[in-house]
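# Architecture and fold: a report
For reference, the chains in residue letters:
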Amino acid sequence: MHGRHQHASPDENNPAETAEELPFLFRTHYWLLTRKCQLGGHFYRVLEHNGQGVLLQFQPDSVLCLYQNQDHYAVLGLGHIRYKATQRQIKAAHKAMVLKHHPDKRKAAGEPIKEGDNDYFTCITKAYEMLSDPVKRRAFNSVDPTFDNSVPSKSEAKDSFFETFSPVFERNSRWSNKKNVPKLGDMNSSFEDVDAFYSFWYNFDSWREFSYLDEEEKEKAECRDERKWIEKQNRATRAQRKKEEMNRIRTLVDNAYSCDPRIKKFKEEEKAKKEAEKKAKAEAKRKEQEAKEKQRQAELEAARLAKEKEEEEVRQQALLAKKEKDIQKKAIKKERQKLRNSCKTWNHFSDNEAERLKMMEEVEKLCDRLELARLQCLNEILTSSTKEGGKAALEKQIEEINEQIRKEKEEAEARMRQASKNAEKSTGGGGSSSRNWPEDDLQLLIKAVNLFPAGTNSRWEVIANYMNIHSSSGVKRTAKDVIGKAKSLQKLDPHQKDDINRKAFDKFRKEHGVVPQADTATPSERFEGPCTDFTPWTTEEQKLLEQALKTYPVNTPERWEKIAEAVPGRTKKDCMKRYKELVEMVKAKKAAQEQVLNASRARK
């Protein structure tokens, strides 16, 4: 086959022609299945070798073939079933072709055999040899010349996606190593089926290989180095063709995926699903917020109702307590007036004017100090007994009250002495001016602290200057001395403070000559109620008074009666007196501040 072969003589009706006259017609190594070359009534093919063509003669209407490049299925007459043909069908087709084209059969049939006519029988033998071997047949099937390798474009599948791509995937599925290749499906396919289809084809495992198209045969190599070179060249060529094949499959899948109307539908459904989930989530969040807000409003309403109920209970209790207090106040006022009238009936148990005045003071002291039960008991004795018995009972109560007052005074003085000692210890080393604090200076300090409350500019300097101006001791106080003594006074209990205030009032009364006037008239109005001069105003009462002063301005009718009602436990006179004291304190405060400012300016 590789040398120059002798060919049959041309037909006598045609001029003689040689192979050298036809080289331009057959310069190829590939099968020409549809193109035939006729010369002198015979069909020929040319095997190119060393730049020269060799003619081989075949029977009329026979298939052109070249051993390596021939269509083996067409040679055996199996072109209609091709790779689907079974081994039994291949064997039967080979037997039929041998019986028809074997040279002995042709001679027996009387057909003239010319030299070279048996080459077609050789092609049959080569075809059977190739197709009966599974490995060689698989290699030939991989490069089946009838297989359509084309890939539809996106524009081709625009209006007929399934009709365009379904047969393409169907014919390419023959290259899959895996069985049960998924189908393309239709518009009704589920998302899982579509996803499985594209997952399969994007990970397509192809058995197709291209060893059949090797241009060089290593068996023809003359040495080992040449054989290695041939193998290297063949491997590189196969890898390149395999890469091109996988790119072709990937392009096919990409085009199908981009044109698949189901993918668009699934994306729209997924988008709609996400939107629905987003709306549902927002709706759930809104409902949750509404529920929380509703619960919060319910809790606030419940708290408000509970607070209103509690306030109502407190108000009712306060009203009840006020009623009880008013009843008790009226009762004690009645008993006090009864005691005064009883003593007045007996002419205060004395004919001497001085003794009567002293007895009146003692009776007022009893009215101020005795509680309701003891007043009632004393009034019953005075009512039911004689003058002497009533006088004895009255004097007994006076002695008890005086003894009680004396003990309280001694206890207060003892507490004052102890507090002074403690203050001296806590402020030890501060100089004689910090230890020498007479009672007058202590009372002045308490008055100044109340006069200049917290928040006053340079408060302790102002208080020290106020004391240096008004103090009768002549001791100059610094801000440090005033702060130290004020801290020590804060540690005193309320009784000690009350004693200091009471002493200050007694001193004020003596200095201003406030003493009862001796006359035979009925007791003045100040004896009809409890004396509140010694009862200090609490912080709560002060706040109530200030609020009442704001609530009821100057032009309000019966202003002071309403203010007194707003301050439980205080009378109209108490409120008016406290108001005057506050006005004086404010004036004194302003004056002291002006003095401090003037002194600081003078120093500058």
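Keep in mind that what you see is a predicted model, and the values were worked out from it rather than measured.

When its secondary structure is counted, the protein shows 20 helices and three strands. Taking as baseline every contact in the protein between residues at least 6 positions apart, the subset at least 24 positions apart corresponds to 67%. In the form shown here, the protein has an accessible surface area of approximately 39200 Å², with 52% of it arising from carbon and sulfur atoms.

Tallied over the full model, the rule gives 20 aromatic pairs. With a centroid separation of 5.1 Å and 90 degrees between ring planes, the pair formed by Tyr 198 and Tyr 257 is classed as edge-to-face. Here Tyr 257 lies in helix α8 (residues 224-259) and Tyr 198 lies in helix α7 (residues 191-202), a separation of 59 residues in the sequence. Judged by its relative accessible area of 32%, Tyr 257 falls in the partly exposed class. Measuring from centroid to centroid gives 6.3 Å for Trp 346 and Phe 349, while their planes differ by 15 degrees, and the two rings are stacked.

Before going further, it helps to examine helix α18 (residues 539-551). For α18, spanning 13 residues, the distance from its first C-alpha to its last is 18 Å, which sits close to the expected 18 Å at 1.5 Å a residue. What α18 keeps buried is the set Glu 541, Gln 542, Leu 545, Ala 548 and Leu 549. Looking down the long axis of α18, one finds its buried residues gathered within 130 degrees of arc, a one-sided arrangement. Facing away from the buried surface of α18 by more than 90 degrees, the exposed residues are Thr 539, Glu 540, Lys 543 and Lys 550.

Ranked by internal contacts, the top residues of the largest apolar core, which has 24 residues, are Phe 161, Phe 165, Phe 169, Leu 184, Tyr 198 and Trp 201. Of all the secondary structure elements, the ones that give two or more residues to this core are α6 (161-172), α7, α8 and α9 (261-345). Beyond its immediate chain neighbours, meaning those up to four positions away, Leu 184 contacts Phe 161, Phe 162, Phe 165, Ser 166, Ser 189, Phe 197, Tyr 198 and Arg 262. The next biggest cluster of nonpolar side chains, apart from the first, holds 20 residues, and it includes Tyr 73, Val 75, Val 98 and Ala 127.

Turning next to the pattern of salt bridges. Under the criterion given, the structure shown has 29 salt bridges. As a salt-bridge pair, Glu 308 and Arg 304 come within 2.4 Å of each other at their nearest N and O atoms. With Glu 308 and Arg 304 both in helix α9 and four residues apart, the pair spans about one turn of that helix.

One can find Thr 164 in helix α6. In this view, Thr 164 contacts Pro 152, Glu 156 and Ala 157; residues no more than four positions away in its chain are not counted.

Moving on to helix α11 (residues 372-384). In this model α11 runs 18 Å from its N-terminal to its C-terminal C-alpha over 13 residues, within 8% of the 18 Å that 1.5 Å per residue would give. Residues Leu 372, Leu 375, Leu 378, Asn 379 and Leu 382 constitute the buried set of α11. The buried residues of α11 occupy one face: seen down the axis, they fall within an arc of 130 degrees. Summarising the geometry of α11, the exposed residues directed more than 90 degrees from the buried face are Ala 373, Glu 380 and Ser 384.

In this section: the environment of Glu 541. Following the sequence through the fold, Glu 541 ends up in helix α18. Considered as a pair, Glu 541 and Cys 575 are 34 residues apart in the sequence and their alpha carbons are 9.9 Å apart. If we ignore the near neighbours within four places in the chain, the residues touching Glu 541 are Pro 536, Val 567, Pro 568 and Arg 570.

The next subject is the confidence of the model for the protein. Taken over all residues, the pLDDT of the protein has a mean of 77, while the share at 70 or more is 77%. A low-confidence stretch, residues 1-66 stays under pLDDT 50, and its non-local contacts, those more than four residues away or across chains, total 106 contacts. Considering only residues more than four positions removed or in separate chains, one finds that residues 429-434, a stretch of pLDDT under 50, has nine contacts.

To continue, consider the packing of α9 against helix α10 (residues 353-369). Contact pair α9 / α10: the axes reach a minimum separation of 10 Å and the direction vectors enclose 160 degrees. Accordingly, the angle class assigned to the pair α9 and α10 is roughly antiparallel. Pair α9 / α10 crosses with right-handed handedness. Along the contact surface, α9 presents Arg 336, Leu 339, Arg 340 and Cys 343, while α10 presents Val 363, Glu 364, Leu 366, Cys 367 and Asp 368. Across the contact of α9 with α10, the residue classes tally to five nonpolar, no polar and four charged.

On to the packing of helix α14 (residues 439-451) against helix α15 (residues 459-470). Packing of α14 against α15 brings their axes to within 10 Å, and their N-to-C directions diverge by 140 degrees. Considered as vectors, α14 and α15 are oriented oblique to each other. Note that α14 runs across α15; the crossing there is right-handed. Where α14 abuts α15, its residues Asp 441, Leu 444, Leu 445, Lys 447, Ala 448, Val 449 and Leu 451 lie against Arg 459, Trp 460, Ile 463, Tyr 466, Met 467 and His 470. Tallied by class, the residues present in the contact of α14 with α15 amount to nine nonpolar, one polar and three charged.

Positive phi outside glycine occurs at Asn 180, with the angle close to 55 degrees. Note that Asn 180 resides in the loop between α6 and α7. Of note, the phi angle at Glu 558 is positive, near 50 degrees, even though the residue is not glycine. Glu 558 gets classed as exposed once you look at its relative accessible area, which sits at 60%.

Another point: the side chain of Arg 477. Here Arg 477 is to be found in the loop between α15 and α16 (479-490). Reaching out from Arg 477, the side chain makes a polar contact with the side chain of Asp 441 at a distance of 2.8 Å.

Of note, Asn 234 is situated in helix α8. Taking the C-alpha atoms as reference, Asn 234 lies 5.8 Å from Asp 214; in sequence the two are 20 residues apart. Residues within four places of Asn 234 in sequence aside, it is in contact with Asp 214, Glu 215 and Glu 216.

Rules of the game
All residue numbers refer to position in the chain's written sequence, counted from 1. For a predicted model such as this one, the threshold for reporting local features is a pLDDT of at least 70, and the threshold for listing and counting side-chain atom pairs is 80 or more; totals across whole chains, interfaces and linings nevertheless cover every residue. Heavy atoms throughout the structure, all of them, feed into the side-chain values; hydrogens and water do not. Counting from the N terminus, the helices are DSSP H or I runs at least four residues long and the strands are E runs at least two residues long. Pairs of residues are marked as contacts when any of their non-hydrogen atoms sit within 4.5 Å. Reported accessibility uses the Shrake-Rupley method at a 1.4 Å probe radius. Residues are deemed covered only where the shown protein chains occlude them. Think of it this way: a Phe, Tyr or Trp ring, Trp meaning its six-membered ring, pairs with another when their centres are within 6.5 Å, and the plane angle makes it stacked under 30 degrees, edge-to-face over 60, tilted otherwise. Relative accessibility decides the category of a residue: with a 1.4 Å probe and only protein chains considered, values under 20% of the type maximum give buried, values over 50% give exposed, and everything between is partly exposed. Here the expected length of a helix is defined as 1.5 Å per residue gap, with one fewer gap than residues. Arc definition: it is the arc formed by the directions from the helix axis to the C-beta atoms. Residues grouped as a nonpolar core are buried Ala, Val, Leu, Ile, Met, Phe, Trp, Tyr and Cys residues, joined through side-chain atoms within 4.5 Å. Salt bridges are counted wherever a side-chain nitrogen of Lys or Arg sits within 4 Å of a carboxyl oxygen of Asp or Glu. Per-residue confidence from the prediction method is given by pLDDT, with values spanning 0 to 100. Angles here are taken between N-to-C directions and fall from 0 to 180 degrees, while the axes themselves are lines fitted to C-alpha atoms, restricted in helices to the stretch in contact. Here roughly perpendicular refers to angles of 65 to 115 degrees, roughly parallel to angles under 35, roughly antiparallel to angles over 145, and oblique to all remaining angles. Left-handed describes a crossing in which the near helix is turned anticlockwise from the far one by less than a right angle; the clockwise case is right-handed. Residue polarity follows a fixed list, in which Ala, Val, Leu, Ile, Met, Phe, Trp, Tyr, Cys and Pro are nonpolar, Asp, Glu, Lys and Arg are charged, and the others, Gly among them, are polar. In the analysis that follows, any N or O atom pair within 3.5 Å is treated as a polar contact, provided that within protein one partner can donate a hydrogen and the other can accept it, and provided that, for residues neighboring in sequence, both atoms belong to side chains.

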